[in-house]
Amino acid sequence: MHRLIVLFCSLLVAGSALAGNAVSAASNNKDSHYASHYASHYADLAHAVYEDALLTARELHEAIERFLAAPSPRSQRAAQNAWVQARIPYQQSEVFRFSNPVVDDWEGQLNSWPLDEGLIDYVSDDYFYEMGNIGAQLNIIANPLIDLGGDQLDSRDISPELLASLHELGGSEANVATGYHAIEFLLWGQDLNGNGPGAGERPHTDYVIGNGCSNGHCERRRAYLRAAAELLVRDLESMVAQWAPDQSGNYRAQLAALPADAVLAKVVFSMGSLALGELSGERMKVALEANSTEDEHDCFSDNTHWSHYYNVLGLKNLYLGEYQRLDGRWMKGPSLAQRAAEQAPELHQQMLTALDASLAAVRQIVDAAEDRDTPVKFDQMIAEGNRGGALLIGAAINALVQQTATLEQLAQAIGVDPSLANRL
Amino acid sequence: MAGAPSGRRPATALLAALLTVSACSKPPAPLANAPAGAALVHAQRQHNTLQQPAPALSPQQRLDFSLGRSFFRNPWVTAPSTTTARDGLGPLYNANSCAACHQDNGRGRTPEQAPRGHGLLLRLSATGANNTAPELGITPHPLYGGQLQIRAVPGAAAEGQLQWQQGLQERVFADGHRVQLQRPHYRIANTEAQPQLSPRLAPPLIGLGLLDAIADQTLLASADPDDRDGDGISGRVNQVWDVQAQRLRPGRFGWKAGQPTLLQQVAAAFSEDMGITSALFPSPVCPAANPQCRGLPQGGAPEINAKLLGAVSDYVASLALPPFANTDDPLRQRGWQQFQRAGCQHCHQPQQRSGPHHLPWLANQTFYPFTDLLLHDMGEGLADHRAEFGANGREWRTAPLWGLGWQLAVAGDSRFLHDGRARNLLEAILWHGGEAQSSTQAVLAMDASDRDALIYFLSTL
């Protein structure tokens, strides 16, 4: 009797385990040549988008050097514009983040947000910060030597290495000393308009040497901005190298050795993670529910609408295996779309419709934010009581949810198991 | 204890036969190969498994999950601030986010592990007093209330800091093997007036949704307060206050099962650990003898609204379970036999079944938490001498065992038991006294290979 019961139980458990593996067992891709071709194009796309991010980061660095050489409202605006341009490829690259540890472990130094800006520079008197965060009020620019409860923090020489070492100081993720958003803060300053119109309004005189210097410590602020821009360029150089062809030991080489379906699983997993958890979750729904400008992605520059738009474009790129480079050239190659078109043409059509719907929905957010007469930026849309803003953001969220649901049906239909994405 | 022999170990086949006979009043416990159905268990045992949504969640549900996650992870700030949804921290608090103590959703870290970290707090009550209001379950200390608050917002003073001292004890196995146990003694620094205190380590967030979905009736039915079945185990249900229903109900969450539902557990943690009010706990935590506390600004009434509180609770309820490991390994089977031989399964009841729940993937599931969620006398060694509702100073709720192996494999240095005194699973076992004394004796009688098999079994959970 005892023996019988044990047997019965183990059958039950085995049954449920089988059900759980049904998707991976249904995998039916036998064309390994096609698959390796696919992995190679996947890496080509990543390489191209990081290379474009690097090119625009170099242009940002140069624009910052010109701004520092002759600070003026005009040279400041030129540097700000270069920052906005640099976000275009970078936000399209983010779809490569979620199933490639080499990206996910690296990106914090480039794109962490929100940040306790009091770590970096002066802030307004009513600035609030993460309680108990020892870094939140350090103001590195004003304080070359800082006592950290016994440990001396020596930031007399502000270098890219120093900034990298300060990142997530004291273990707080809010201590963002580096990356796009640190540079954004240094170029724009705090957005003190809350949910009202207007972005940060840092005066260009914050970077003037000598008597014209506003808010003090201009030399150190200049050094900080320069070092942050240099570090961004270096970080992107290292990522480009990870995806470059014909380099033994880089990430691309590891990827080539993966089983075919693992790469397709990466596409599905990372598209779902960016669309759902990150973009519609953390970056839109949370900001909307919290009515909080602190939860706005590009909160100093009010460029959030474009950041979201290029995230969504990145999703479409990866599905179609396409990317339009900065110089206008199109890259096209083997893609999840091709496989879906062969094996699940109806779902493929639904997916194309869903991708276009997502892009159209986020385009509406862009149009509202860029309206010539009455622009409504993302931080205004999320304000309590802004029905129109909430509807625009809600529509984008719903479109991304629908897109992800379709993607998951499609993956199941063609035998791609997204749980294989994290094999590497 | 179900005929647990001490000293000599019978052959495995004989043991199986013995178990069948001695446990004839209850069906034999199955050796599960997964902690729950595939809809709830993550495919892999990796570093972020405990932060993943259960596979059953639809895209729309995962969106709600990410909302709850944000309010679980991101820090709360002092009121007033422009972040109206996230302000209201304190005035007195222990941590500024849930994730500060439940790092990566795992268990808290002791002051010994992380001197300036989070993850262990001191529950307090007045010494010697046993008159408690039915809705409180404890007698709050007049100066400190029910919990030591080690941090405060600007303008308020923290109540105090905790101090600890390590005591050492030794246990000797029948085969001569010796184990040094350490026992931390906690106190509030720089004060003569020491309340009755009970240190509490933040538990890992494993399978809490399924535990929430067990019907009250199921808990009541498995209780055996007078040990009518004569197995030496008298599991008791803690009857605790349900603030929404305004009545006593079976408790299930917390080291002494002091909270009846996951929502109330989450609301209590917001209130007591972070100083954030909710519809369930609308008053700020300010002890009667701390007048400065009440005058400080509030972050709205309540500070976390019902929708966001529900989102955080549902987030915790919807986390994926880590899978069991090495389920085909014969050593696991052997360890499971040792587990039963020592009678562990009487309290660490392998299987549970859930009833209805508002999250449909949690309803009517069979799963394997290895707990009866009941109170048991655990002896003087573990006693905190602080009553909580129906639980006396020697009683503790049976801790679930699922996810133990995941923690050891992924989180590394983990501490066990309510005050984090045990540095490994064997130490945790050896502290079991009271009703579990005979189980501990059975383990002390095991030889090295049986002990190893037992620990190996636990590490597969």
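Residues numbered from 1 in each chain as written. Chains lettered and ligands numbered in written order. Predicted model: local features only at pLDDT ≥ 70, side-chain atom pairs only at ≥ 80, totals over all residues. Heavy atoms only, no water.

Caption draft 1: Seen up close, helix 12 (residues 448-459) of chain B. With 12 residues, helix 12 of chain B extends 16 Å between its outermost C-alpha atoms, agreeing within 8% with the 16 Å of an ideal straight helix rising 1.5 Å per residue. Looking at the buried positions of helix 12 of chain B, the neighbouring elements they touch are helix 8 (330-341), helix 9 (404-411), helix 10 (425-430) and helix 11 (437-444) of chain B. (Helix = DSSP H or I, 4+ residues; strand = E, 2+ residues; numbered from the N terminus. Expected span 1.5 Å × (residues − 1). Contact = heavy atoms within 4.5 Å.)

Caption draft 2: Expanded view of the state of the cysteines. Taken as a whole and judged by the stated rule, the model has one disulfide over all chains. The disulfide partner of A:C213 is A:C218, and the gap between their sulfur atoms is 2.1 Å. When the S-S torsion is 90°, as for the bridge of A:C213 with A:C218, the disulfide is right-handed. A disulfide-free cysteine, B:C101 has its sulfur positioned 8.8 Å from the sulfur of B:C98, the nearest such atom. (Disulfide = S-S within 2.5 Å.)

Caption draft 3: Up close: helix 8 of chain B. Residues and elements named next belong to chain B. Taking 1.5 Å of rise per residue, the 12 residues of helix 8 would be expected to cover 16 Å, and the 17 Å separating its terminal C-alpha atoms lies within 8% of that figure. Along helix 8, the residues classified as buried are R332, G335, W336, Q337, Q338, F339, Q340 and R341. Capping the start of helix 8, D329 holds a side-chain oxygen 2.9 Å from the backbone nitrogen of L331, two or three residues further along. Positive phi appears at G343, one or two residues downstream of helix 8, with a value of about 80°. (Buried < 20%, exposed > 50% of the residue type's maximum accessible area, 1.4 Å probe, protein only. Polar contact = N/O pair within 3.5 Å; in protein donor to acceptor, adjacent residues only side chain to side chain.)

Caption draft 4: Structural context of the environment of B:R332. Residue and element names in this part refer to chain B. Within the element layout of this structure, R332 appears in helix 8. The sequence separation of R332 and I455 amounts to 123 residues, and the corresponding C-alpha distance is 9.2 Å. If sequence neighbours within four positions are ignored, R332 has contacts with L31, A32, N33, F324, A325, N326, T327, Y456, F457, T460 and L461. Only 3.0 Å separates the side chain of R332 from the backbone oxygen of A32, close enough to count as a polar contact.

Caption draft 5: Molecular detail of the confidence of the model for chain B. All names here are of chain B. Put simply, chain B has an average pLDDT of 89, and 92% of its residues get 70 or more. Residue range residues 1-25 is modelled with pLDDT below 50. Its contacts to residues more than four positions away, or to other chains, number 30 contacts. We note a pTM of 0.84 for the whole complex and an ipTM of 0.76 for its interfaces. (pLDDT = per-residue confidence, 0-100.)

Caption draft 6: How the structure looks around the pairing of strand 6 (residues 196-201) of chain B. Residues and elements named next belong to chain B. With five of six residues buried, strand 6 is to be regarded as a mostly interior element. Direction of pairing for strand 2 (residues 120-125) relative to strand 6: antiparallel, over a ladder of six bridges. By the bridge assignment, L124 is partnered in strand 6 with L197. (Pairing = 2+ DSSP bridges.)

Caption draft 7: Inspection of the packing of aromatic side chains at higher detail. Enumeration over the complete set of coordinates arrives at 25 aromatic pairs over all chains. Relative to A:F300, the ring of A:F185 lies with its centre 5.2 Å away and its plane at 45°, an arrangement referred to as tilted. With A:F185 in helix 8 (residues 180-188) and A:F300 in the loop between helix 11 (260-290) and helix 12 (304-320), the pair connects residues that are 115 residues apart, well separated along the chain. Comparing A:F185 with A:F300, the two get one shared label, buried. An aromatic cluster of at least three residues, connected via ring pairs, comprises A:Y42, A:Y50, A:F96, A:W106, A:W243 and A:Y251. Between A:R363 and the ring centre of A:Y309, over which it is positioned, the NZ or CZ distance is 5.5 Å. Sitting over the face of the ring of B:W396, B:K256 holds its NZ or CZ atom 4.3 Å from the ring centroid. (Phe/Tyr/Trp six-rings, centres within 6.5 Å; stacked < 30°, edge-to-face > 60°. Lys NZ or Arg CZ within 6 Å of the ring centre and 35° of its normal.)

Caption draft 8: Structural detail: the pattern of salt bridges. Applying the stated criterion across every chain yields a total of 47 salt bridges over all chains. A:E322 serves as the salt-bridge partner of A:K332, at 4.0 Å between the closest nitrogen and oxygen. Of this pair, A:K332 sits in strand 4 (residues 330-332) while A:E322 sits in strand 3 (residues 322-324), and the two are 10 residues apart along the sequence. The partner of B:R451 in a salt bridge is B:D175, and the shortest N-O contact between them spans 3.1 Å. On the criterion of sequence distance, the pair formed by B:R451 in helix 12 and B:D175 in the loop between strand 4 (162-172) and strand 5 (178-188) is long-range, its members being 276 residues apart. Take B:D175: its relative accessible area is 42%, and that puts it in the partly exposed class. A cluster of three or more residues bridged by salt bridges with shared partners is formed by A:E94, A:R97, A:D104, A:E107, A:E278 and A:R283. (Salt bridge = Lys/Arg side-chain N within 4 Å of Asp/Glu carboxyl O.)

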